[in-house]
Amino acid sequence: MKSKYLIALCVSALVAGCATMVSGPNAPTDAEIVAALKASFKETGPAKLDRLDQSDLQRACSIAAETGKDLDPKVREALQSKALAAVKYPADGKYLGDWKRGEAIAQSGRGMQFSDAPNTVAGGNCYACHQVDKAEISHGNIGPTLWNYGKLRGNSEAIVKYTWARIWNSHGFNACANMPRFGDAGILTEAQIKDVMALLLDAESPVNK
Amino acid sequence: MRQRIATAFATLIVATIAMPLLAQQDTQKEIERYRQLLADGNPAELLEMRGEELWKEKRGPKNASLEQCDLGLGPGKVAGAYAQMPRYFKDADRVMDAESRIVHCQVELQGLKREDVVKRPYSLTQGERQTEHEALTAYVVGLSRGVKVAVPQAHPKEKESFLRGEKMFFFKGGPYDFACSTCHGVDGQRIRLQDLPNFQKADNAQRAFTTWPAYRVSQGAMRTMQWRLFDCFRQQRFPELAFLSQASVDLITYMGVKAQGGTMDSPAIKR
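Just so it is clear, the model here is predicted, and its values are computed rather than measured. (Residues numbered from 1 in each chain as written. Chains lettered and ligands numbered in written order. Predicted model: local features only at pLDDT ≥ 70, side-chain atom pairs only at ≥ 80, totals over all residues.)

1. Focus on the overall build of chain B
When helices and strands are tallied, chain B shows 11 helices and 8 strands. Counting only residues that meet the buried cut, chain B has 45% of its 271 residues in that class. When contacts within chain B are restricted to residue pairs at least 6 apart in sequence, those whose partners lie at least 24 apart make up 67%. (Helix = DSSP H or I, 4+ residues; strand = E, 2+ residues; numbered from the N terminus. Buried ≥ 20, exposed ≤ 12 C-beta atoms within 10 Å, placed from the backbone. Contact = placed C-beta atoms within 7 Å.)

This is the structure in structure tokens:
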């Protein structure tokens, strides 16, 4: 962003202006940042350097965070529609698995780290950011509380499908949402997402007591 | 110190309540251990002493000590130096954080091989002795206790390091789409029960920057700022941050500038 501004300044000031601009600190270009990052990280375990190649969404949301300026509404709409269109709903039409397994998935923060063994079963780490079952006091607050999620919303088809899509790729609803794309990025399997769905929506789940 | 213990204790009490019932017995044992550790002060003080011995010992092919190491305030001046780093060093023609500069001095003054020095900077396995790098860093940072953070920004390369660090701080990537700013850009955020400093607020940035390196009671080891970033990126699902890499130095510059004016209080003690 800043580099573009500098270039624009340089172009408008033509040759004379550029000579003096260059002697000061140079704002890095996006390409320079990616190059510097790639030279600064090592491929270890499942974490390869291609994780530093940003998607259009990641780039747009990085700039939005850095500048404090919201996304252009058209860009936002395009990113969200693309995310939503790619949500894969369960082929068998069954959305709810086992809430007990869902609770274990919500507790586990393993998976996709460079330190993880190859066959690590990934968790959803929901409690890192959300209150889920009130019995677990050690929860974060980056995301909203999910206590009584199903009790408050019911389990209509619309709610069930919305919840599935939100877990699959939350960027379908808010392009720059902090929540990882648990389905889209392959963090959790379809079966695991069903279990987390049950934790949130099953009437028997402690979350809905 | 007393206040630190009180804070640590408050954290413990919260952690105890939060533990599921089954884990309560183990927790009790752990708390006893914590109590004993905290009652004796910060174990990092021992590491500072070991670091001082290492600093003054003649070692390496050149049979030299590190006493003439220039940490930015001139050869032999360690007191207050950490609080004014990262900074630009003319002899290396680049910006270096304290940990980079310590390694630089080991190579230049003592003639040690760089690849040997950087091979295993952190003591990562349970019960492993703290590394020489951790000891030397503990000594150097300890001599900045009470000194105000004043990370220089006069040299163009220092400014560039900050600007790169700023971009990297907001850089979203990886399968989780996380940037540093995802967790460290908003007030009052927590992961589980851990409070997260918001680097856009001076007081938050100061509290974080001035208390690293820190002795982590839960790990039984002192951790350096390079380790802090390495472990953040692990949880961010990025690849492995290389020790002393450009990105590590740039991010430390960014954090240091955000923390200007804070008072160094490291090695601190944390949960």
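Read on, since the account is not over.
2. Side note on the nonpolar core
Most often, soluble globular proteins have nonpolar side chains that are buried together. With 72 residues, the main nonpolar core has Tyr-82, Val-140, Leu-251 and Met-255 of chain B as its most contacted residues. When residues of this core are assigned to their parent elements, the largest contribution, 7 residues, is made by helix H11 (residues 246-258) of chain B. For Val-140 of chain B, the residues in contact, after removing those within four places along its chain, are Leu-71, Val-78, Ala-81, Tyr-82, Ala-98 and Ile-102 of chain B. The next biggest cluster of nonpolar side chains, apart from the first, holds 26 residues, and it includes Cys-126, Tyr-127, Ala-128 and Leu-200 of chain A. (Core = buried A, V, L, I, M, F, W, Y, C linked by C-beta atoms within 7 Å.)

3. Observations concerning unusual backbone geometry
Of note, the bond from Met-85 of chain B into Pro-86 of chain B is cis; its omega dihedral lies within 30 degrees of zero at 5 degrees. Its place among the elements puts Pro-86 of chain B in the loop between helix H3 (44-56) and strand S1 (87-89). The omega angle of the peptide bond from Trp-212 of chain B to Pro-213 of chain B is 0 degrees, so this bond is cis rather than trans. With respect to the helices, strands and loops of the structure, Pro-213 of chain B is situated in the loop between helix H9 (202-209) and strand S5 (214-216). Unlike most non-glycine residues, Met-112 of chain A shows phi in positive territory, near 65 degrees. Relative to the assigned elements, Met-112 of chain A resides in the loop between helix H5 (99-107) and helix H6 (126-129). Even without glycine at this site, Leu-244 of chain B takes up a positive phi of about 65 degrees.

4. Description of the confidence of the model for chain B
Do not read the fine detail of predicted coordinates wherever pLDDT is low. On average, residues of chain B carry a pLDDT of 90, and 86% of them reach 70 or more. Low confidence marks residues 1-24 of chain B, where pLDDT is under 50. Its contacts with residues over four positions away, or in another chain, come to 19 contacts. (pLDDT = per-residue confidence, 0-100.)

5. Some thoughts on helix H7 (residues 156-169) of chain B
The end-to-end C-alpha separation of H7 of chain B is 20 Å, in line with the 20 Å expected for 14 residues at 1.5 Å each. With 11 of 14 residues buried, H7 of chain B lies mostly within the body of the structure. Of the residues making up H7 of chain B, those classed as buried are Lys-159, Glu-160, Ser-161, Phe-162, Leu-163, Arg-164, Gly-165, Glu-166, Lys-167, Met-168 and Phe-169 of chain B. The elements touched by buried residues of H7 of chain B are helix H2 (30-40) and helix H3 (56-67) of chain A together with strand S2 (94-96), helix H8 (180-184) and H11 of chain B. (Expected span 1.5 Å × (residues − 1).)

6. Side note on the packing of H5 of chain A against helix H9 (residues 190-201) of chain A
Residues and elements named next belong to chain A. With their axes 7 Å apart at the nearest point, H5 and H9 run at an angle of 100 degrees to one another. In terms of orientation, H5 lies roughly perpendicular with respect to H9. Every residue of H9 that contacts H5 at Trp-99, Arg-101, Gly-102, Glu-103, Ile-105 and Ala-106 is listed here: Gln-192, Asp-195, Val-196, Ala-198 and Leu-199. The residue makeup of the contact of H5 with H9, split by class, is 6 nonpolar, 2 polar and 3 charged. (Axes fitted to C-alpha atoms, helices over the stretch in contact; angles between N-to-C directions. Parallel < 35°, antiparallel > 145°, perpendicular 65-115°, else oblique. Nonpolar A, V, L, I, M, F, W, Y, C, P; charged D, E, K, R; others polar.)

7. Let's talk about the interface of chain A and chain B
It is common to give the size of an interface as the accessible area that goes away when the parts come together. The interface is formed by 42 residues belonging to chain A together with 39 residues belonging to chain B. Of all elements in the fold, only H2, strand S1 (41-42), H3 and H6 of chain A reach the threshold of two or more residues within the side of chain A that touches chain B. The residue inventory of the side of chain A that touches chain B, partitioned by class, reads 23 nonpolar, 14 polar and 5 charged. Examined bridge by bridge, S1 of chain A and strand S7 (residues 240-241) of chain B share 2 bridges and lie antiparallel to one another. When the bridges of S7 of chain B are listed, Phe-41 of chain A appears paired with Leu-241 of chain B. (Pairing = 2+ DSSP bridges.)

8. As for the domain arrangement of chain A
Residue and element names in this part refer to chain A. Its domain assignment divides chain A into domain 1 (2-85) and domain 2 (99-208). Of the residues lining the interface, 13 residues belong to domain 1; the matching set on domain 2 comes to 11 residues. Of all elements in the fold, only H3 and helix H4 (73-85) reach the threshold of two or more residues within the side of domain 1 that touches domain 2. Per-element tally for the side of domain 1 that touches domain 2: the top contributor is H4, with 5 residues. In terms of residue class, the side of domain 1 that touches domain 2 is built from 9 nonpolar, 3 polar and 1 charged. (Domains from an automatic or database assignment.)

9. Brief notes about the environment of Ile-63 of chain A
Residues and elements named next belong to chain A. Considering the arrangement of structural elements, one finds Ile-63 in helix H3. Since 16 C-beta atoms lie within 10 Å of it, Ile-63 is described here as partly exposed. As for Ile-63 and Asp-30, which are separated by 33 residues in sequence, their C-alpha atoms are 10.0 Å apart.

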